[in-house]
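Coordinates in review
So you can see what is in the structure, the chains are spelled out below.
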Amino acid sequence: MLIKFFIKPRKGVLDPQGRAVTENLRSLGFSDVKDVKVGKYIEVYVQQTDKEKAVEEAKQMAKKALVNEIIEDYEFEIVED
Amino acid sequence: MKFAVAVYPGSNCDYDTYRVLRDVLDQEVQLIDYRTTDLSGFDCVVLPGGFSFGDYLRPGTLAAHTPLTGTVKEFADKGGLVIGICNGFQILTEAHLLPGALMPNVHGKFVCRHQYLRVENTDNPFTNQCEEGQILKIPIAHHDGNYFVDDETLTKMEENGQIILRYCDEYGNITEEANPNGSIKNIAGITNENKNVFGLMPHPERAAESILGTEDGLYILRSILEIYS
């Protein structure tokens, strides 16, 4: 199975990259842009076939390594690869 | 006093630190590989600056999960002195030996310059040779030095005297202009609750010989020696 992690700066935490990209998009004429968040996308391939167990594994991976919850928010989804 | 200087793949201030401890301060010092699990006989562990594991994932994350860092945690739990400089500070926060996190600099740029710092607390093993309010000039060189911590933890840290250094101007004023990276409350260096683990973004090992323009880093390094004298 494949676990897809979507990580972005936590709400309320300043995102310098997002701010710079916001300005850049606006300067290109995209005046509609309100805000941009720049984060990370991580794919983790696991041998696990039980989806519930994979969910638990994903949460542990996020907590122990992939995400710093002081400054980042995340979501994940699990798909058959 | 016997120092261990950690060597992770990508550490690049390890030898500078080793040299200053050995040649300037005349101490016993050994470089320690990141796979090591034995720190017996050491009085102080230094996690040096650099880009351990290429800053992959987040600065300090992968180094925080190595056998050596696990051993450093046990060493610190028993009261051993630990100092993390720059990337070492990042490793200590990622290993949860220090509160908070170090985010990318607010302006998105790498910053490399001499920086004035105000000593906020001297009742600890790392700045006991300073006067409270003393201004130190020590270089900084980092991309991810923007310290962040939640308000509740910050209040506790302030009450407990864990804020050790703040970025300031040459007169000691804590201003936004003097803040090189966007750190909350201009924080440059903190300790844990027990004050035996210290993390700071500035590089005292680069300010330990007059030929380098400032010897103010010696105030910090000599404070550590004072504990054992």
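See above for the structure.
Quantities reported herein were computed from a predicted structural model and do not represent experimental measurements.

**Overview of the overall build of chain B**
Helix and strand counts for chain B stand at 6 helices and 11 strands. By the compact-globule yardstick of 17 Å for 229 residues, chain B fits well, its C-alpha radius of gyration being 16 Å. Counting only C-alpha atoms and orienting by the principal axes, one finds that chain B spans roughly 45 × 35 × 35 Å. Going through the 229 residues of chain B one by one, you find that 53% of them count as buried. Restricting the contact set of chain B to residue pairs at least 6 apart, pairs at least 24 apart contribute 75%.

**Considerations on the interface of chain B and chain A**
In this assembly, 12 residues from chain B lie in contact with 9 residues from chain A. Class assignment of the residues belonging to the side of chain B that touches chain A gives a composition of 5 nonpolar, 6 polar and 1 charged.

**Comments concerning helix 3 (residues 67-77) of chain B**
Residue and element names in this part refer to chain B. Of the residues making up helix 3, those classed as buried are L68, T69, V72, F75 and A76. Seen from one end, helix 3 has its buried residues packed into an arc of 110 degrees, which puts them on one side. Among the exposed residues of helix 3, those pointing more than 90 degrees away from its buried face are E74 and D77.

**Regarding the sheet that holds strand 2 (residues 40-45) of chain A**
Residues and elements named next belong to chain A. Read across the open sheet, the 3 strands follow the order 2-1-3; overall the sheet is antiparallel. Two strands bound the open sheet, and with one partner strand each, they are strand 2 and strand 3 (72-79). For this sheet the average axis-to-axis angle between neighbouring strands, irrespective of direction, equals 20 degrees. Note that strand 1 (residues 2-9) and strand 2 share 6 bridges and pair antiparallel. Bridge assignment links F5 to a residue of strand 2, and that residue is I42.

**Thoughts on helix 1 (residues 14-24) of chain B**
Residues and elements named next belong to chain B. Burial in helix 1 covers these residues: D14, T17, Y18, V20 and L21. End-on view of helix 1: buried residues confined to an arc of 165 degrees, all on one side of the axis. Looking at the packing, one finds that the buried side of helix 1 touches strand 1 (2-7), strand 2 (28-33), strand 3 (44-47) and helix 6 (217-228). Note on helix 1: the residue one or two positions beyond its end, D26, has a positive phi of about 60 degrees.

**What to know about the pairing of strand 1 of chain B**
Residues and elements named next belong to chain B. Burial within strand 1 is extensive, with 5 of its 6 residues counted as buried. Where strand 1 and strand 2 come together, 6 bridges link them in parallel fashion. Residue V7 lies in a different strand from strand 2, and its bridge partner there is D33. In this region the chain leaves strand 1, passes through helix 1 and returns to the parallel neighbour strand 2; the handedness of that crossover is right-handed. One ladder, built from 3 bridges, connects strand 1 with strand 3; its direction is parallel. If you follow F3 over to strand 3, its bridge partner there is C44.

Rules used in this analysis
- Residues numbered from 1 in each chain as written.
- Chains lettered and ligands numbered in written order.
- Predicted model: local features only at pLDDT ≥ 70, side-chain atom pairs only at ≥ 80, totals over all residues.
- Helix = DSSP H or I, 4+ residues; strand = E, 2+ residues; numbered from the N terminus.
- Rg over C-alpha atoms; globule rule 2.2 N^0.38 Å.
- Buried ≥ 20, exposed ≤ 12 C-beta atoms within 10 Å, placed from the backbone.
- Contact = placed C-beta atoms within 7 Å.
- Nonpolar A, V, L, I, M, F, W, Y, C, P; charged D, E, K, R; others polar.
- Arc of directions from axis to C-beta.
- Pairing = 2+ DSSP bridges.
- Axes fitted to C-alpha atoms, helices over the stretch in contact; angles between N-to-C directions.
- Right-handed = clockwise from strand over helix to strand, strands pointing away.

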